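Here's the letter readout for the chains.
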Amino acid sequence: MIITEQKNFEEILRALEGENKIFIVGCKQCATLCQTGGEEQVKQMKEKLEKEGKTVIGWVVIDVPCHLLETKKVLREKESEVNRADGILVLACGGGTQSVREASNKNTHPGCNTLFLGVVERFGQFSERCSLCAECILEKTKGLCPITLCTKGLLNGPCGGAKEGKCEVDPEKDCGWQLIYKHLQALGKVDLLKEFQPAKDYSKLRKPHSRILERKA
Amino acid sequence: MSALRDALKQGRFVITGEVGPPKGTDITKLMEEAEIIKNRVVAINVTDIQSAVMRLGSMAVCHLLKEKGIEPIFQMVCRDRNRLALQSDLLSAYVLGIENVLCLTGDYPTLGDHPGTKPVFDLDSVQLLAAAKGLCEGHDMAGNALEGNPDFFLGAVVTPGADPVEPQILKMEKKVKAGAQFFQTQAVYEIDKFARFMEKVKYLNVPVLAGIVVLKGAKMAEFMNKNVAGVHVPDNIIDELKTSTDRVKTTIEISARLIRELKQLCQGVHIMPLGWGHHIPAILDAAGL
């Protein structure tokens, strides 16, 4: 899941300066779970903007705003409102915001900051698990990502900075390598850590990524 | 030929010191400190943007020490340079006469004075050692041949007091395989614990210089216990500092005693005076070295 936080309202207002008619787009997926762009937050945003004298001429919570075709379809259905809007405020991740821009070609504003790819630990608690490195190495640790869980992203074991199992960079966070070590110890596979891990191939991270599936004959 | 390599090869008990480049261009104090200790140590580490606080670079200071006939140990961290810059700087260091390189991961930038910078960590310390060894063998990380190759004496670090220590030892073994020829350790105050560590790493057959951080007082010791991973100053040392009527004398005695005890256990000591470099001669006198 893509974890987002809503931007500070003052920042949103500054971005909307000089624009009166606003259309708001939310997201039924990740942003709903993050409570940043679900129906409730979209309605709250509408109220707050109206209090500031803006006219919210319409809003929609798209099922999957990062799905371009669906977003195009939904925004076409709302065409009359969208076309009259001075700007669109998107309460979703950066992917959703740009998909809305591409679908509408309108003046599009991000209402959220996109933070990380995470898991929901429990309601309202998210933590990062994957850094999208394009070359998964979870096999090496039997399921814990050192690139993500170690602040420095070290591949060959811990630095000397862990104190009582916590990272020196942020004592609130577990040392990723300590978690890996304990996991492999429990599995009886600590010897896996003796293998030298070569430097990663960052050419695999060249942006912008795209991927086209081969059509089945 | 590296004097540090020679000294360790001859089986001498090796003493290394350390200087930290200043924030700015005034190197007067740093050079004075190096001059005070130069005849008492085999080589002097020059830290690389220590604590992620922007300052004068390690390579330039290493070169200046070398010009004064002082053997430098070039510390190199992975935080600030990608593999192109790290390898290039290794070549640059070598043509400036630098032969000893200590490869480290580096402190994380948010702990320093430019917290918004992009952390690099393209390589980790093990990969940096392997890259440096590759250069010595005549090729870069991409496998391309070099026109003239360096001949480095490569070092690495380890935290003997880490808990658990096993992951540190696993990594130490990787560092040896990747090219580390000597180790300097995080500060050691617990001799028994260090002795057990040395027993565990005996199979690696690599020289270890135990870290001595000169304790300037009880407050500093308590601060280290609270904040520095893998370092524990025992109560008896803290009490000694607390009840002392002559802080400098007590500090010198404690450091000298640690060195005397460590002499039985490892191949040398690495003294990190943190600005008290002028007391190193007295510490070594008291240690009988």
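All of these numbers come straight from a predicted model, not from anything done at the bench. (Residues numbered from 1 in each chain as written. Chains lettered and ligands numbered in written order. Predicted model: local features only at pLDDT ≥ 70, side-chain atom pairs only at ≥ 80, totals over all residues. Heavy atoms only, no water.)

**Here's the deal with the interface of chain A and chain B**
The test is simple: Only heavy atoms matter for contacts: two residues are in contact if any of them lie within 4.5 Å across the pair. Once two parts are joined, some of their accessible surface, as seen by a 1.4 Å probe, is lost; buried area is that loss totalled over both. Here, a salt bridge means any Lys or Arg side-chain nitrogen found within 4 Å of an Asp or Glu carboxyl oxygen. Polar contacts here mean pairs of N or O atoms no more than 3.5 Å apart (in protein, one a potential hydrogen donor and the other a potential acceptor; neighbouring residues in sequence count only if both atoms are side-chain atoms). The nonpolar class holds Ala, Val, Leu, Ile, Met, Phe, Trp, Tyr, Cys and Pro. Asp, Glu, Lys and Arg form the charged class, and all remaining residues, Gly among them, are polar.
In this assembly, 26 residues from chain A lie in contact with 32 residues from chain B. Around 2300 Å² of area is buried between chain A and chain B when both sides are counted, 58% of it from carbon and sulfur atoms. In terms of surface lost to chain B, no three residues of chain A exceed Lys152, Lys163 and Lys194 of chain A, which account for 25% of the buried area on that side. Counting across the interface, chain A meets chain B through zero salt bridges. Between chain A and chain B we count 14 residue pairs in polar contact (both at pLDDT 80 or more) in total. By residue class, the composition of the side of chain A that touches chain B is 13 nonpolar, seven polar and six charged.

**Comments concerning helix H5 (residues 125-136) of chain B**
Residues and elements named next belong to chain B. Convention followed: Helix numbering and strand numbering both begin at the N terminus, where a helix is a DSSP run of H or I of at least 4 residues and a strand a DSSP run of E of at least 2. Here, expected helix span is obtained from the residue count minus one, scaled by 1.5 Å. Relative accessibility under 20% of the residue-type maximum defines a buried residue, over 50% an exposed one, and the middle range a partly exposed one, all with a 1.4 Å probe and only protein chains included.
The terminal C-alpha atoms of H5, which comprises 12 residues, lie 17 Å apart, in line with the 16 Å expected from a rise of 1.5 Å per residue. The buried count for H5 comes to nine of 12 residues, which makes it a mostly enclosed element. Those residues of H5 lying buried are Ser125, Val126, Gln127, Leu128, Leu129, Ala131, Ala132, Gly134 and Leu135. Packing partners of the buried residues in H5 comprise strand S3 (72-77), helix H4 (83-95), strand S4 (100-104), strand S5 (153-158) and helix H6 (166-178).

**Points about the side chain of Asp48 of chain B**
Residues and elements named next belong to chain B. Relative to the helices and strands, Asp48 is located in the loop between strand S2 (43-46) and helix H3 (58-67). You can call Asp48 buried: its relative accessible area is 6%. In terms of polar contacts, Asp48 uses its side chain to reach the backbone amide nitrogen of Val77, at 2.9 Å. Non-local contacts of Asp48, meaning those with residues more than four positions away in its chain, are made with Ser58, Gln75, Met76, Val77, Arg79 and Arg81.

**Re the packing of helix H4 (residues 68-77) of chain A against helix H6 (residues 94-104) of chain A**
All names here are of chain A. Here is the rule: Only the stretch in contact is used when a helix axis is fitted, and all axes are lines through C-alpha atoms; the angle between N-to-C directions ranges over 0 to 180 degrees. In what follows, roughly perpendicular refers to angles from 65 to 115 degrees, roughly parallel to angles under 35, roughly antiparallel to angles over 145, and oblique to any angle outside these ranges. Here is the rule for handedness: rotate from the far helix to the near one, and if that takes an anticlockwise turn smaller than a right angle the crossing is left-handed, while a clockwise turn gives right-handed.
Where H4 contacts H6, the two axes come as close as 9 Å, and the packing angle between them is 55°. Between H4 and H6, the crossing angle belongs to the class labelled oblique. As H4 runs across H6, the sense of the crossing is right-handed. Contacts between H4 and H6 involve Leu68, Thr71, Lys72 and Leu75 on the former and, on the latter, Ser99, Val100, Glu102, Ala103 and Ser104. Residue composition of the contact of H4 with H6, by class: four nonpolar, three polar and two charged.

**Overview of the pattern of salt bridges**
For side chains bearing opposite charge, pairing can occur when the charged atoms are close. Taken as a whole and assessed by the stated rule, the structure comprises 29 salt bridges over all chains. Close ionic contact of Lys173 of chain A with Asp170 of chain A constitutes a salt bridge, the shortest N to O distance being 3.2 Å. Judged by its relative accessible area of 24%, Asp170 of chain A falls in the partly exposed class. The shortest N-O distance in the salt bridge between Arg40 of chain B and Asp285 of chain B comes to 2.8 Å. Placement of Arg40 of chain B in the loop between helix H2 (28-37) and S2 and of Asp285 of chain B in helix H11 (residues 280-286) is noted, with a sequence separation of 245 residues between them. The class of Arg40 of chain B is partly exposed, set by a relative accessible area of 25%. What emerges from the salt-bridge pattern is a single network uniting Glu135, Lys200, Asp201 and Lys204 of chain A.

Function cannot be read off these values alone, since they describe shape.
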